[in-house]
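A structural walkthrough
Here's the letter readout for the chains.
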Amino acid sequence: MKLGVFTPLYQNLPFEKMLDKVKEMGLETVELGTGNYPGNHHCDPDELLQSPEKAKSFMRAIESRGLSISGLSFHGNPLHPNKKLANDSHEVWRKTVLLAEKLEIPVVNGFSGCPGDHNEAKNPNWVTCSWPPEFTEVLNWQWDEVVIPYWKEEAKFARSRGIQVAFEMHPGFVVYNPETLLKLREHAGDNIGANFDPSHLVWQGIDPIAAIKKLGRENAIFHFHAKDTYLDKENIKVNGVLDTKHYSEILDRSWTFRSVGYGHDEKLWKDMISTLRAVGYDYVISIEHEDMLASTDEGLKKAISLLKRAMFKEELTEMWWA
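Reading guide: rules and limits
- Per-chain numbering applies: the sequence of each chain, read as written, is numbered from 1 onward.
- In keeping with the model being predicted, local features are shown solely for residues with a pLDDT of at least 70 and side-chain atom pairs are shown and tallied solely at 80 or more, while totals for entire chains, interfaces and linings include all residues.
- Each side-chain value is derived from all of the structure's non-hydrogen atoms; neither hydrogens nor water enter the calculation.
- Residues grouped as a nonpolar core are buried Ala, Val, Leu, Ile, Met, Phe, Trp, Tyr and Cys residues, joined through side-chain atoms within 4.5 Å.
- Type-normalised accessible area, obtained with a 1.4 Å probe on protein chains alone, sets the label of each residue: buried when under 20%, exposed when over 50%, and partly exposed for intermediate values.
- Secondary structure elements are defined from DSSP: runs of H or I of at least 4 residues count as helices, runs of E of at least 2 residues count as strands, and each element is numbered from the N terminus.
- Disulfides are defined in this document as cysteine sulfur pairs within 2.5 Å.
- Two strands are counted as paired when DSSP detects at least two bridges linking them.
- Axis geometry follows a simple rule: fit a line to the C-alpha atoms, using only the stretch in contact for helices, then measure angles between N-to-C directions, giving values from 0 to 180 degrees.
- We call two residues in contact whenever any of their non-hydrogen atoms come within 4.5 Å of each other.

Among the nonpolar cores identified, the biggest contains 85 residues, and F58, W93, W151, F224 and I285 are the most heavily contacted of them. For this core, the element with the most residues is helix 5 (residues 133–160), which contributes nine residues.

It is worth spelling out the state of the cysteines at this point. Summed over all chains, the structure comprises zero disulfides. No disulfide involves C129; its sulfur sits 14 Å from the nearest other cysteine sulfur, which is in C114. The exposure class of C129 is partly exposed, given its relative accessible area of 37%.

Turning to the sheet that holds strand 5 (residues 164–167), a few remarks are in order. By definition, the strands of a sheet pair up through backbone hydrogen bonds, in either a parallel or an antiparallel sense. Pairing is parallel in the closed barrel, where eight strands are placed in the order 1-2-3-4-5-6-7-10. Adjacent strand axes in the sheet meet at a mean angle of 30 degrees, parallel and antiparallel pairs treated alike. Contacting strand 5, strand 6 (192–196) and strand 7 (221–226), helix 6 (residues 178–188) crosses the sheet at an angle of about 155 degrees to strand 6.

Moving on, we get to unusual backbone geometry. Residue P132 is reached from W131 by a cis peptide bond, and omega for that bond is 5 degrees. Structurally, P132 is set in the loop between strand 4 (107–110) and helix 5. For E104, which is not glycine, the phi dihedral falls at a positive 60 degrees. As for its placement among the helices and strands, E104 is situated in the loop between helix 4 (83–103) and strand 4. Exposure remark for E104: the relative accessible area of 73% places this residue in the exposed category. Positive phi is not limited to glycine here, since N219 has a value of about 50 degrees. As for its placement among the helices and strands, N219 is situated in the loop between helix 8 (208–217) and strand 7.

Once that is clear, we can look at the environment of R65. For R65, the position within the fold is in the loop between helix 3 (52–63) and strand 3 (68–73). Take R65: its relative accessible area is 16%, and that puts it in the buried class. Along the backbone, R65 and P8 are 57 residues apart, and their C-alpha atoms lie at a distance of 19 Å.

Here it is in structure tokens:
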């Protein structure tokens, strides 16, 4: 496995200074945003698709530092009921696939998106329970009329370019757990899989080890995000895990995104790395930093240190068995 980082955390740095920073931190790969929520500060598909020289210079800057690109990330909502927002996300998605093909990057990461509750809706509607019965009707309409038709076509488009589509299972979107990911994969094709991010799963009550085993048996893990979540048990006892308070209200929230090792102990992270290897995943661990209690450099350094220990242990085990 290789250790890398999702680079929007350094969006304030110019491209080559960001690469120098990543190299200095001892990382091997970068995951680059191409627009929508992550922005395209370090990777503009329009610019790189239109200019072969700029694309060559772009790759030269990465490869000359001994780095590689683990994936391009278009995180947006191409199913948004607002047609302009949906089209903007769709355009970024399509250009990201074309750029990944051009640069020979095998994986494109993103969200599944979420539609509204009918054709004239203005905002997405994430259904979380089956009753009253109209909730089930909305959910069936979303999947049958919007989600499956769209991603069936788009998965075909990605496949024709040799690209795997890795969805981050994220509440608020129709793919938010292994069951919904596998449902979409069944209907749209096996080049749809997971950008496995445990931080969005653990607060839902999902065991990341069990989820890795489930998806790994289906060869459905294409990329991995390393981000942690702290569960505030006292707040959960009172209010449960669904929490709409702003992320800055840390003392009152049921859960909070943290740097790796500050939500769950080192053993769980070692167990996740071990389980990934057991199911045959040998690609990239890409660190994502969204910790409001740690500076970017501090959080990233702590994550790198813990993950290197976990990965080194597994490498030693492999050597011993060899």
